[in-house]
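Notes for the structure review
Residue-level listing of the chains:
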Amino acid sequence: MSILIVDDEKDIRELIGDILTDEGYSVRLAGDSDACMAEINAEPPSLMVLDIWLKDSRMDGIDILKTVKRDNPDIPVIIISGHGNIEIAVAAIKQGAYDFIEKPFNIDQLTVVVARAMETSRLRRENHELRRRDVTSTEMVGSSPAFKALRAQLDKVTKSNGRVMLTGAPGSGKELAARFIHANSARAGAAFVSVSSATVEPERMEEVLFGRETPERGVEPGLLEQAHGGVVYFDEVADMPPGTQSKILRVLTEQQFTRLGGSDKVRVDLRVISSTTRDLAAEIRAGRFRQELYDRLNVVPIAVPALADRRDDIPELARHFVDYFHRSQGLPARRLSAEAEAMLQTMQWPGNVRQLRNMVERVLILGEGAGEIEARELPGTGAEARPGEGEGMVLGGVVATLPLREARELFEREYLLTQINRFGGNISRTANFVGMERSALHRKLKSLGVVTTSKSGLRSAHFEADENEDVEG
């Protein structure tokens, strides 16, 4: 990150350079338009301080400003001039200048404007990086019944402007679902602005959302204003400060607000999508969340399933992440062995899709060559987790206290429960994998007290004890 200072007066550009160097910035100097354009072509700066009058140059400051804004529109340009007047200032601002400062300038004013412009430059870079990532971040991957049910709901809400409340465990993909709605809606060409209620300091929340106006710094738009015409996504809305909740409720009702320090009403056209991992009904009972705001946000509730409820999708998701890391980071495009896929489907995933993604990245980084990913490479499943040759498995918990017949029955029950849930309740696929005839598997499940049920389109297996069974040993 550097600041390019362009002024035909050597003393002025060196003075500005010394001031900004003392403020901790890296600076470059140019005395005419040719030197200026050479510096920009070598490496675009994060900010320019540009004199509007450049003696003995092919281009004046306005010409340079026009060229920069055409070729590098994200570089903020601060115009300085000793011949400043309102007309020049207006012309510079119209051409895209960030601000205008008259010579002789006040050092404090210069440093404040530069700090503000550098922050703007940083935010623009981050925004562009996020938009670049969004090219792949809206891709929904899966084919399980649970995923298809989610996708069907998302497809329906893309066609409206209704407010959506996404619920689900951490890492299950709520923000991905929100971005999918945005990318496939009529607002796709406008902004998608994410508000992390948990990471913004409560005392700054209103400034971040509504922006502010001050005589020194003028108008600084907040996130709601930046999202005008598009989507604002409230991530973990339960963490929104109580005072902000009432103001957001008013915005949802009136579609307008006032910036901090301002008096004019700012009208916005927004679609609001929210998400939470918490029980908002409990938060309302505890007095931490407003019932009225919940009613406004929860027009269309959509539950995002945990990875445990869509185990069928795990191999497909893992392959998708392998391909993603190959394209984005150049990591090996390795295939998953059948054993590795089976192991992934039977593992516990408290971190859901995010945890699976992180595991795939770790395996690719630390992996053994470019061959198939083997089950032993998965964290917690390597040789260190297995008994050595001639060694016995050390049984723990209840199993070690049971007679062989009961221990075998317990193992069979847990094994078949795991396999059935792995295949999304599909008995035919389970029978094929475990090597049993379907009718034989049905008889075995009945003898073990394993039943399958369907709830909200999700099929799963569980143990149901026989009430007439003699439970005494």
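What this report covers is the structure whose coordinates are included nearby. Just so it is clear, the structure is predicted and the values come from calculations on it, not from any experiment.

For helix α2 (residues 33-42), the set of buried residues is S33, C36, M37 and I40. Buried residues of α2, viewed axially, fall in a sector of 90°; they line one side. Of the residues that open α2, the one with a side-chain oxygen 3.2 Å from the backbone nitrogen of D34 is D32.

What follows concerns the packing of aromatic side chains. For the structure on display, the rule yields 5 aromatic pairs. Taking the centre distance of 5.8 Å and the plane angle of 55° together, the rings of F423 and F433 count as tilted. One end of the pair, F423, is in the loop between α16 (404-422) and α17 (427-434); the other, F433, is in helix α17, with 10 residues separating them in the sequence. Accessibility expressed as a relative area gives 39% for F433, which makes it partly exposed.

Take the pattern of salt bridges next. Per the counting criterion, the structure on display carries 28 salt bridges. With its nearest N and O atoms 2.7 Å apart, the salt bridge here joins E220 to R212. With a relative accessible area of 18%, E220 lands in the buried category. Judged by relative accessible area, which is 22%, R212 ranks as partly exposed. With its nearest N and O atoms 2.7 Å apart, the salt bridge here joins E341 to R319. Separated by 22 residues along the polypeptide, E341 in helix α14 (residues 338-346) and R319 in helix α13 (residues 314-329) bring together distant segments of the chain.

With that out of the way, let us pick up the environment of K156. Within the secondary structure, K156 sits in helix α6 (residues 145-157). Each C-alpha atom, one on K156 and one on I181, is 9.2 Å from the other, the two residues being 25 residues apart in sequence.

A few words on the environment of E206. Position of E206 among the secondary structure elements: in helix α8 (residues 205-210). For the pair E206 and G222, spaced 16 residues apart in sequence, the C-alpha separation works out to 8.6 Å.

Moving on: the packing of α13 against α14. Look at α13 against α14: their axes get within 9 Å of each other, and the N-to-C directions meet at 115°. As far as their axial angle goes, α14 and α13 are roughly perpendicular. Here α13 runs over α14; the crossing is right-handed. Contact residues: I314, P315, A318 and R319 in α13; E341, L344 and Q345 in α14. Residues belonging to the contact of α13 with α14 are distributed by class as follows: 4 nonpolar, 1 polar and 2 charged.

This paragraph deals with empty space enclosed by the protein. Considering all chains together, one arrives at 1 cavity of 30 Å³ or more under this definition. By volume, the largest cavity amounts to about 50 Å³. Residue lining of the largest cavity: A318, L336, L344, M359, V360, V363, I373 and L378, and that is the complete set. Top element by residues in the lining of the largest cavity is helix α15 (residues 352-366). It accounts for 3 residues. For the lining of the largest cavity, the per-class residue count stands at 8 nonpolar, no polar and no charged.

Bringing the sheet that holds strand β2 (residues 27-30) into the picture now. Strand order across the open sheet formed by 5 strands is β2-β1-β3-β4-β5, with parallel pairing between neighbours. Edge positions in the sheet fall to β2 and β5 (99-102), since each has one partner strand and no second. Between one strand axis and the next, the sheet turns through 20° on average, direction left out of account. This element, helix α3 (residues 61-71), spans β3 (47-51) and β4 (77-81) of the sheet and lies at about 160° to β3.

On to unusual backbone geometry. For the peptide bond that leads from K103 to P104, omega is -10°, which places it in the cis range. Note on placement: P104 falls in the loop between β5 and α5 (107-137). With a phi close to 50°, E236 is a non-glycine residue in the positive phi region. The buried category is assigned to E236, whose relative accessible area is 11%. Even without glycine at this site, N352 takes up a positive phi of about 60°. Among the structural elements, N352 can be located in helix α15.

What counts, and at which threshold
- Residues numbered from 1 in each chain as written.
- Predicted model: local features only at pLDDT ≥ 70, side-chain atom pairs only at ≥ 80, totals over all residues.
- Heavy atoms only, no water.
- Buried < 20%, exposed > 50% of the residue type's maximum accessible area, 1.4 Å probe, protein only.
- Helix = DSSP H or I, 4+ residues; strand = E, 2+ residues; numbered from the N terminus.
- Arc of directions from axis to C-beta.
- Polar contact = N/O pair within 3.5 Å; in protein donor to acceptor, adjacent residues only side chain to side chain.
- Phe/Tyr/Trp six-rings, centres within 6.5 Å; stacked < 30°, edge-to-face > 60°.
- Salt bridge = Lys/Arg side-chain N within 4 Å of Asp/Glu carboxyl O.
- Axes fitted to C-alpha atoms, helices over the stretch in contact; angles between N-to-C directions.
- Parallel < 35°, antiparallel > 145°, perpendicular 65-115°, else oblique.
- Left-handed = near helix turned anticlockwise from the far one by under 90°.
- Contact = heavy atoms within 4.5 Å.
- Nonpolar A, V, L, I, M, F, W, Y, C, P; charged D, E, K, R; others polar.
- 1 Å grid on protein atoms, 1.4 Å probe; cavity = no way out; pocket = protein on both sides within 12 Å on 5 of 7 lines; lining within 4 Å.
- Points joined across faces, edges and corners; volume = space filled by probe spheres on them.
- Pairing = 2+ DSSP bridges.

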